Amino acid sequence: MPDLSPALIDDLARALPGMRASVDAADRVAYARDLWPRHHMAVRAGHPAEQRPGAIVWPSSTDEVARLVQWASSHGVPLVPFGAGSGVCAGVSPRDDVLIVDLKRMARIRKLDPAAPLVDVEAGHMGVPLEMTLEHAGCTLGHFPSSILCSTVGGWVAARSAGQCSGAYGKIEDMTAAVECVTGRGDVVTLRRRTSGPDLVPLVIGSEGTFAIVTSATLRLHPAPTSRGFGAWSFRSTRDGLDAMRSLFQAGLRPAVARLYDPFDAMLARQGGVKSEPRDGSSKRKRGPGLGGVALRAVLRRPEALNNLLHSDFAAHAMGGALLVVVFEGTDDRAREGIERARQLIEPTGGSWEGETPARRWLAHRYAVSYRQAPVFAQGGFVDTMEVATRWSRLGELYDGVRRALGRTVFVMAHFSHAYPDGCCIYFSFAGSADPKLVREIGWDAACEATYDRTWKTALAAAVESGGTLSHHHGVGRSKAPRMLAELGAGVDVVRALMRSFDPARILNPGNLVPPDTGSSHRGAAAPAPATSVAIDRESLLARIEGSMDLASAEERLRADGLTLDASIPAPSPTLGSWLAAGAAGARDRWLDPVDQLLAGLDATLADGRPLVVHPTPRRAVGPDLTALFVGAGERFGRINRAWMRVHPVGVPRPSSSPFEHDRDPPLSAGERALLDSIEL
Ligand SMILES: Cc1cc2nc3c(=O)[nH]c(=O)nc-3n(C[C@H](O)[C@H](O)[C@H](O)COP(=O)(O)OP(=O)(O)OC[C@H]3O[C@@H](n4cnc5c(N)ncnc54)[C@H](O)[C@@H]3O)c2cc1C
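Fair warning: this is a prediction, and the values are worked out from it, not measured in the lab.

**Let's talk about the packing of helix α1 (residues 6-15) against helix α4 (residues 62-75)**
Stage number 1. At their nearest, the axes of α1 and α4 sit 11 Å apart, and the two run at 145° to each other. The crossing of α1 and α4 is right-handed. Contact residues: Leu 8, Asp 11, Leu 12 and Ala 15 in α1; Arg 67, Leu 68, Trp 71 and His 75 in α4.
Stage number 2. In the contact of α1 with α4, the residues fall into five nonpolar, one polar and two charged.

**Focus on the site of the ligand**
Stage number 1. Surrounding the ligand, one finds 36 residues, the nearest of these being Pro 81, Ser 86, Ser 147, Thr 152 and Ala 162.
Stage number 2. Here Gly 87 contributes a backbone N or O atom positioned 2.8 Å from an oxygen atom of the ligand.
Stage number 3. One nitrogen or oxygen atom from the main chain of His 473 is found 3.4 Å from an oxygen atom belonging to the ligand.
Stage number 4. At the level of elements, β3 (79-82), α6 (153-159) and β10 (212-220) are the ones that each hand at least two residues to the shell around the ligand.
Stage number 5. It is α6 that provides the largest number of residues to the shell around the ligand, a total of five residues.
Stage number 6. Of the residues belonging to the shell around the ligand, the class tally is 17 nonpolar, 18 polar and one charged.

**Re the pattern of salt bridges**
Stage number 1. One pass over the structure, following the stated rule, counts 41 salt bridges.
Stage number 2. In this structure, Arg 654 engages Asp 596 in a salt bridge whose closest nitrogen and oxygen atoms are separated by 3.6 Å. Here Arg 654 is found in the loop between β25 (648-649) and α26 (670-678), whereas its partner Asp 596 is found in the loop between α25 (576-581) and β22 (599-606), with 58 residues between them in sequence.
Stage number 3. With a relative accessible area of 10%, Asp 596 lands in the buried category.
Stage number 4. Asp 677 is the partner of Arg 636 in a salt bridge, and the nearest nitrogen-oxygen pair spans 3.2 Å. Of this pair, Arg 636 sits in the loop between β23 (611-614) and β24 (638-646) while Asp 677 is found in helix α26, placing the two residues 41 residues apart along the sequence.
Stage number 5. Asp 677 sits in the partly exposed class, given a relative accessible area of 48%.
Stage number 6. Residues joined by salt bridges that share partners form a network here, namely Arg 108, Arg 110, Glu 122 and Glu 180.

Basis of the calculations
- Residues numbered from 1 in each chain as written.
- Predicted model: local features only at pLDDT ≥ 70, side-chain atom pairs only at ≥ 80, totals over all residues.
- Heavy atoms only, no water.
- Axes fitted to C-alpha atoms, helices over the stretch in contact; angles between N-to-C directions.
- Helix = DSSP H or I, 4+ residues; strand = E, 2+ residues; numbered from the N terminus.
- Left-handed = near helix turned anticlockwise from the far one by under 90°.
- Contact = heavy atoms within 4.5 Å.
- Nonpolar A, V, L, I, M, F, W, Y, C, P; charged D, E, K, R; others polar.
- Near = heavy atom within 4 Å.
- Polar contact = N/O pair within 3.5 Å; in protein donor to acceptor, adjacent residues only side chain to side chain.
- Salt bridge = Lys/Arg side-chain N within 4 Å of Asp/Glu carboxyl O.
- Buried < 20%, exposed > 50% of the residue type's maximum accessible area, 1.4 Å probe, protein only.

Have a look at this one:
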């Protein structure tokens, strides 16, 4: 690709005279990548930025972003939105002809209303200063990704982020009440969450800079916690620990933090999860690989044997079993009561109380562990993480499948975090080194990259095969885009169609999120009609219900199993499909329990007859939430054939988080209507 020509840059300077811009070589290298570990290997191999952006611009207002997009669209210049570059999936990898749009000069808090409570904050605001301002006002967003020190609000929204306290506050999509963005058409539009009408916010969340540039987000807040309750339990096996974790969330408990470590990860967590500093306080480290480096390389070259050894029952027992760490928080006695209730649920079924210390220690070191990768890269190996998710009934299968796939080429450990009543995320951490056979053929660096690529490919295939999603919160980027067909099937075409609607000239982050359209994509086949109208997954508290079934009959069927949809059913009873299409009036207010959801997935027929399946996986981070095209949208885009609904055991009270005063059904603005009308699937 040719660089942006000096004439074009001059033209940009004339079109937007006040906007900061740079074509400086150092800036172009600095903005050439995000934190995808594959980039680290390229740097180590002496190729820090084979492709670098043509220029970087720093707009300072929404108006400037809009004028920039209009200019870029009329000149056919691709734009890549950039938050803080902490993404780990090559979401910002630019080509030589693109302009990077760094949003960090847009970091104002436009409105902070502690009474609602909500904040309207610009996209370039970094995480830590935002929380500090909110804390000063007696509030918290409740969003604490491990990258909070190096990520922005816009990046969170664009990549569907999850924080460490998702067990009480949900993910970023559960916090977002409105998004102001500039579409690829150059239009400024504020999209607002709507309970029973069309809701375009879930389409922009997770669109990873390919639909629009997010310029601000209105986020729901909570009172800052004044008390915390800590607890930890050990279990003979990871499976026992998972049962305990599920029982907490399904009993209506909402610990802000719930992390279950498998035996090896648990052993590290018991030791504090972080390397201790030298006792003399010096920060000196030995240079070069040394003995540790040689040992590390040797171990990483034979990962399969090590994995088999560490994951045996004998080793699990010797290492002290799995460990569940829980933190409740709030403004009253509920945090302490949460621990008491958790003890009553967990201990009679075999969990052993380990006291408060492991949870307190986790909190004290909550951000430390993410920054320990550098030494492994320095020793010539690689480290990465993979976060997948599925419903509870398939979680064991997903854990075994992905661990086995990873374990062939890399050393692997795992913990389970981000739990919901219907499922959970598994966070694998792995470390590997070059395959010795390949080293002889192609040299160390290329062999390392090849091993890394093979590892990811087989592990992602295993994730999809085991009923999991490719990503729970890191997103897709360019690194997972080639696998999106496996997860979304015909949904990939729907995402492409949405891209064309939001951004007809396709200037926003080209090459990101979905694979190139070769015209031969898998179109998907209609799912065969199931034998029963209602199929219950008791373990995940989900029910797959036919769209043509009337709601009252579905409720009656569920009641026979001691379950309920917990919605007031209109009279006369609509079919499930038409009820969802009309916005599910009578369902419980979604803001009451941000951790829960009404609809987990669906199987639909698009208006032109193509089938679309959104798998029932809790909180996918694989692009836009395509269920938004059906819920509250009438049958404009297609018809729901069947839906995976969350169901609730009769008599188990549902939790209520702090109050949130906000218009649940604002009227559709002219901008939203125009955008909606432009969508052609
Ligand atoms: C050590 C470490 C720990 C991490 N822990 C977590 C974690 O706990 N939870 C989690 O969710 N993620 C985590 N991540 C991943 C990463 O921090 C998140 O994906 C984060 O949301 C990215 O934010 P950013 O501002 O750095 O975005 P960037 O990396 O700059 O961009 C990410 C993507 O969003 C797009 N984008 C950015 N800003 C905008 C905008 N304003 N409008 C439109 N598109 C935009 C970019 O084009 C890109 O595709 C971690 C990463 C690291 C390195």
